[in-house]
Amino acid sequence: MTGIHTGPVGSATTPADPTGLPLVDRANLLAEIRAALTATGGVLLHGPAGIGKTALLDALAQHADTTGESVLRSSPTAAEADLPHLALIDLLGEALPGLAEDLPDHLRQALERALLHRAPAPGTPTDPLAVRVAVLEALRRLAQRGPVLVLLDDTQWLDEASRQVIAFAARRLTDRPVRFAVTERTEHTDAEPAMGRLCPPAAREIPVGPLGERGTGALLRERLGLRLSGLTLTRVHRVSGGNPYYALELGRSLAAGGSEAALAADPARPLDVPHRLRALVSARIGELPDSARQSLTVLAAARPGTDLPAAVTEALAAARRHGVIRQTPSGTPQFSHPLVAEVLLADADPDDLHAAHRLLSTLTADPVEQVRHQALATDRPDPRLASRLARAADAALTRGAPGTAAELLRLAADHTPEPDAAGRRLLAAARNAAAAGLPDLARSCAERLTTAPAADIRVHARLLLARLLGPDHPGAEPLLAAAAEDTGGHPALTAAVHQERAVRALHHGDRATGMAELETAEKHADHADDPDLLVELLAQRAPITLLTDPARGLAQLERGARLAAGRPLTAAAVFCHQGLAIAALRTGDLPRALDEVETLRDRVEAAGRTEDLANVLYIAASVYERAGRCADAFAAGRAAHDLRERIEPSPGPARVLGGAAELNGGTAERAARLLDSAIRAAEDDHDHEWLAYAHGLRGRVELLRGHHPAAADHLTRCLAQLRRMEFHDPALFLVDADLAEALTLSGRHEEAAAVLADARERAGRLGRDVVLLGLHRAEAHLAAATDPRRAADTLRALLPDTHPYPLELARAHLALAHLERRSRRRAAARTALQEAHARYTAAACLPWQQHTATALAALDALEADPTPTQQQILALIRNGATNREIGAALHLSVKAVEANLTRLYRQYGVRGRAELARHRD
C-alpha cells in the first residue's frame, strides 16, 4: 500500500446510535478487571464520581449474562445509607424463595427477617451472627448451582449492617465460584480506598483513571453523535479531566447551545459549563472572599507551572481550605479539577480577567507567552501589539508550533485596524491551523474571510474551506464556483482554483479531467512565476505520471524537491519527498526509500505539521513493511491510525492503516475487524482508493486464515478498484500474486492464469522486476495443479538468497513448503517451513510468524502415506462419488469412509472434499 493521494481533514458530525452503549476506550482496563476476578476472586474499583465505575460493572454483568453466571447486584445511594440490610435485600431478595428450603430453619428465619420477608416476633431480636451465617450459606447454595458474580456499586453509601455481613461472607467464600466486583468513590485515583474488606482477601485494588483525549472524542461520537476535533476536543478533554460524565455533560452543552463554532473561533473563550456541572463547584467558590476569587482568576488564566507572586498565592489559602485547589508535589497550587478553572473564567468580570492577563504578562520571560497575555488583556485594536503578535507567530513557527502560530495570528488579526492586513493575518492563521490539524480553528478563521475586501484573500479562504469540507461534500462546489468568479483572471489564483478541481476529479477516479485541470493550472502557474505553486502542481502530477511513465514521474518529483529546497516546508514539498520515497520503494531501492522517509519524518515532526505527519507516517509504515521491519511498520501504522482518527472526518483511512499495522505486529482478528469497518466507511464515502486498499488487506487476512475463496473475492475487488482509478503499477500495491494464489487454491485456474499474464506484462513494461518473485510464487501454485513436484523444483531454483522485499521471500518459502507437502516430501516441506518461520521471526511479522509455527506443528503431526484403501477413496472422490457410493464400492460403512476422509484432509492439508478432489500427488 503505497498510494500517495491524500485527503483533506476536518470535523464532521454523525448521528448517534440509539441502540446499545458499549464501553469506550476501556477494553484494556476491562480485560485487566476480568483477569483479576479470575485470578483472585475479587476486585475493588475506585475513582472519582462520573469516572465510569458503574459502566464497568454493567459490562461485567452483561458478559456474565452471556456465560450463564448468576449476577447479584446492589447500588445503594446516599439517602439509603442508614437503612439496615438494604444491600442484602438487593442481592438476595429475589433469590430467597428458591433458597429457603435449602437452609436450616434458624438460618432461614434469620435471613427472612433481615430481608423483611418475615416479621420478627415482638421482643425477639434477630441474632446478627445468624444473619451473617445465613447469607454465607445462601451464597454457598447459589454457588453449587453455578458461578456467582456479586456486584456492589457505590459502596461508600453501603449501610453498615450489610457491610459487615458481606465482609464476613467474602472472607469465607474463597473456595467457591463466587466473585466480588466492588466500586468505591474516592476523590482521586491515587486516594486510598476503604472498602477492600468487601472482597476476598487476595482481591486487587484497581484505580479507574480518566479517558485519554482520543477516548473522550470516541465517547462523544458514540453517545452523542458529536464529532469534535482539534482544539475543541482538546479543550473538552482538558476541562473534563477525562471524566466521562463531565465530558458528556460538556458535549451536550456544546451540541445544544451551538457554541462549538464560537469556541473554535476563539480558543481562549471559556466553555459553556452546564448547570449540573457548575453546581458541583459553584457552592465552594461562592464561599470564598473576593481576594481569593481574584487570585483564582489569575491562576485559571495562567499556563501550568507559572511562578505566581506571593500576593496571589497568599490569597489562595482560603481556596485551599475549601478544597478548591491543592498543592502539587513541587509546591505549586493546582485546581482540584480543571472544571473549577473553566467556571471561574466563564464567570469572571471582564475587567478582572484583563487585569489577570496584564499581571501574567509581567511574570513570564517567554516573549510568545508575554505578547499573548498582552493581547488577551485588551479588546482595543493596537497596530503595535498586532505586529508583535505576528512576530511571535513567526517565532512559534520556527519552534515547530503551527497551532500556536495560528492562535497568535488570529489575535494579531483581531488587533489589526487595517482590514486588508487583518485579513492576510487571519488567512495565515487559518492555513497554520489546518497544517497543525486544527480544522475547527481553520474553518472559523476562513469563514470570516469570505467577505474580505481583497479578492485573493476571498479566493484562498474559499479554497481552504472547500478542502476542509472534503472531496465529497456538496457544499464544496459553490465555494469553488465563487472562488473561480473572484480570480479576475489572475494567473496564480486561476491556477489555484484549477488545482483544487483537479484534486477532486482525481479523488473520484476521473483521471482525464484531473490531468486536464492540472495541465491548465500549470500553464497559469508558469505565467505567475510562483515556485511554491509549481511545487504543488508537480507534487500532484508526479504520482499519476509514475503509474504510466515512472522515469518521467521521478523527474517531476526531483524537480519539485529542487524547487522546494531552501524554502519553508510546505505540504507540496513533503509530498514530493514522499513521492521520491515511494518511487524508490517501487523499484526495490529500499535504502533510499528508508532514508527519504525517515529524514522527512524528522523534518515534519520538527515543523509540527500534523496533517503532513499523518501522511508521512502512512508512507513510513509502507516502507518499513516492504523493508521487512514489521515492528517499525506496526508502530508507524498505529501512530498514523491514531492521528488520522483524530483529524479526519471519515474513519476509513485510519482503520485501513490500523488493519495494515495489525497484519505486521498484531493479530488477524483485530485486522479483520478494523478492515471490515474501513470497507463500510469507504463505501459510504465513495472513496475508491482507500476501499481498494481495505479490500486488498482484507484479502491478505483471509489468505493468512486459509480461506482462499474469501481472499479471492476481496483481492478481486481490490484489483478492480485499482483498475478503475487506472493504477496499473504492480508495485503500487502487491495484489496480483496474492490474487492469483487465492484463485488457484480456490480452483479458478483460468482466472489465475489471466491475472498472472496481465501482471507480467505490466511489470515488464514498467520495469518492475521487484514483483517477479511474487509472480513466480503464484505461478508455482498454478503449475502444482498438474505437477506439484515439478512446480516445487522450479520455485526452489528461482529463490534468491536475498530480496529487496524480505516478506516476499518469506512468502515464497512458505509457498515452497506447501508444494513440497503436496508432493509428499515432508523433510523438504519442513525445511522450507523452517526457513519461512525464521524469516518472519527476523522481520518480527507476528501474524505470519504464528501462522508458520502452527504449520510446522501440523506438519509434524501428519500421518503416514495413504493406505491402498485411502488411495481408492481418493480416486472415487475425484470422480464425484458420494460417501455412500464409496462405501458401497469398497464394502465399507459410511462412518469408516468419513474416518478415512478425515485422515486424508489432515494428510494433504486441505479443508474439505472439494479441495481434496482438486489435489494431485
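Residues numbered from 1 in each chain as written. Predicted model: local features only at pLDDT ≥ 70, side-chain atom pairs only at ≥ 80, totals over all residues. Heavy atoms only, no water.

Draft legend 1. Structural view of the confidence of the model for the protein chain. Confidence along the protein chain averages 86 in pLDDT terms, with 93% of residues attaining 70 or more. Contacts of residues 3-20 to residues separated by more than four positions or lying in other chains number 57 contacts, the stretch itself having pLDDT below 50. (pLDDT = per-residue confidence, 0-100. Contact = heavy atoms within 4.5 Å.)

Draft legend 2. The arrangement of a negative patch on the surface in detail. Where like charges cluster on the molecular surface, the negative patch consists of Asp 290, Asp 349, Asp 351 and Asp 352. One can find Asp 351 in helix α17 (residues 350-361). (Patch = residues over 30% accessible without salt bridge, like charges linked within 9 Å, V, L, I, M, F, W, Y side chains within 5 Å. Areas by Shrake-Rupley, 256 points an atom, 1.4 Å probe, with all protein chains shown as cover. Salt bridge = Lys/Arg side-chain N within 4 Å of Asp/Glu carboxyl O. Lys, Arg positive; Asp, Glu negative; His and termini not counted. Charge placed at Lys NZ, Arg CZ, Asp CG, Glu CD. Helix = DSSP H or I, 4+ residues; strand = E, 2+ residues; numbered from the N terminus.)

Draft legend 3. How the structure looks around the sheet that holds strand β4 (residues 178-185). Taken in spatial order, the five strands of this open sheet run β2-β3-β4-β1-β5, and their pairing is parallel. Edge positions in the sheet fall to β2 (70-74) and β5 (204-207), since each has one partner strand and no second. Strand after strand, the sheet turns through a mean of 15° between neighbouring axes, direction not considered. Bridge count between β2 and strand β3 (residues 148-152): five bridges; the pairing is parallel. Residue pairing across strands places Leu 72 opposite Val 150, the latter belonging to β3. Lying over the sheet, helix α2 (residues 53-67) contacts β1 (42-47), β2, β3 and β4, oriented at roughly 155° with respect to β2. (Pairing = 2+ DSSP bridges. Axes fitted to C-alpha atoms, helices over the stretch in contact; angles between N-to-C directions.)

Draft legend 4. Local environment of the packing of helix α33 (residues 652-665) against helix α34 (residues 668-685). Packing of α33 against α34 leaves a shortest axis separation of 8 Å and a crossing angle of 160°. Our classification of the angle between α33 and α34 gives roughly antiparallel. In this structure, α33 crosses over α34, and the sense of that crossing is left-handed. Along its contact with α33, which presents Gly 652, Arg 655, Val 656, Gly 658, Gly 659, Glu 662 and Leu 663, the element α34 presents Arg 670, Ala 671, Leu 674, Leu 675, Ser 677, Ala 678 and Ala 681. Among the residues making up the contact of α33 with α34, the classes are represented as seven nonpolar, four polar and three charged. (Parallel < 35°, antiparallel > 145°, perpendicular 65-115°, else oblique. Left-handed = near helix turned anticlockwise from the far one by under 90°. Nonpolar A, V, L, I, M, F, W, Y, C, P; charged D, E, K, R; others polar.)

Draft legend 5. Broad picture of helix α25 (residues 491-507). Its 17 residues place the ends of α25 24 Å apart at the C-alpha level, agreeing with the 24 Å of an ideal helix rising 1.5 Å per residue. α25 sits mainly inside the fold: 13 of its 17 residues count as buried. Looking one or two residues beyond α25, the residue adopting positive phi is Gly 509, at roughly 80°. (Expected span 1.5 Å × (residues − 1). Buried < 20%, exposed > 50% of the residue type's maximum accessible area, 1.4 Å probe, protein only.)

Draft legend 6. Representation of the packing of helix α24 (residues 476-486) against α25 in the model. Close contact between α24 and α25 brings their axes to 10 Å; oriented N to C, the two are set at 155°. By the angle class used here, α24 and α25 are roughly antiparallel. The chirality of how α24 crosses α25 is left-handed. Residues Ala 476, Glu 477, Leu 480, Ala 481, Ala 483 and Ala 484 of α24 form the contact with α25, whose own contacting residues are Val 497, Glu 500, Arg 501 and Arg 504.

Draft legend 7. Focus on the pattern of salt bridges. For the coordinates displayed, the defined rule picks out 62 salt bridges. Across the salt bridge formed by Glu 342 and Arg 235, the nearest N and O atoms sit 2.5 Å from each other. Highlighted residues: Glu 342 in helix α16 (residues 338-347) and Arg 235 in helix α9 (residues 230-240), separated in sequence by 107 residues. Here Arg 235 falls in the buried class, since its relative accessible area comes to 11%. One continuous salt-bridge network, built from bridges that share partners, spans Glu 625, Arg 700, Asp 738, Glu 741, Arg 777, Glu 808 and Arg 811.

Draft legend 8. Highlighting the environment of Ser 336. Looking at the secondary structure, you find Ser 336 in the loop between β7 (333-335) and α16. By relative accessible area, Ser 336 is classed as buried at 16%. Placed 16 residues apart in sequence, Ser 336 and Arg 320 show a C-alpha to C-alpha distance of 9.1 Å.

Draft legend 9. Representation of the pairing of β3 within the structure. With respect to burial, β3 is a largely interior element, five of its five residues being buried. Going residue by residue along β3, you find Val 148, Val 150 and Leu 152 tucked away on one face and Leu 149 and Leu 151 tucked away on the opposite face as well. Between the parallel elements β3 and β4, the chain passes through helix α7 (residues 160-171) in a crossover that is right-handed. (Right-handed = clockwise from strand over helix to strand, strands pointing away.)

Draft legend 10. Representation of the packing of aromatic side chains. Counted by the stated rule, this structure contains five aromatic pairs. Plain terms: the ring middles of Tyr 245 and Tyr 246 are 6.0 Å apart, the flat faces sit at 55° to each other, and that makes the pair tilted. Classification of Tyr 245 as partly exposed rests on a relative accessible area of 33%. Ring plane angle 15° and centroid distance 5.6 Å describe the contact between Tyr 693 and Phe 733, whose orientation is recorded as stacked. Here Tyr 693, found in helix α35 (residues 688-705), pairs with Phe 733, found in the loop between α36 (708-724) and α37 (736-745); they are 40 residues apart in sequence, far enough to count as distant. (Phe/Tyr/Trp six-rings, centres within 6.5 Å; stacked < 30°, edge-to-face > 60°.)

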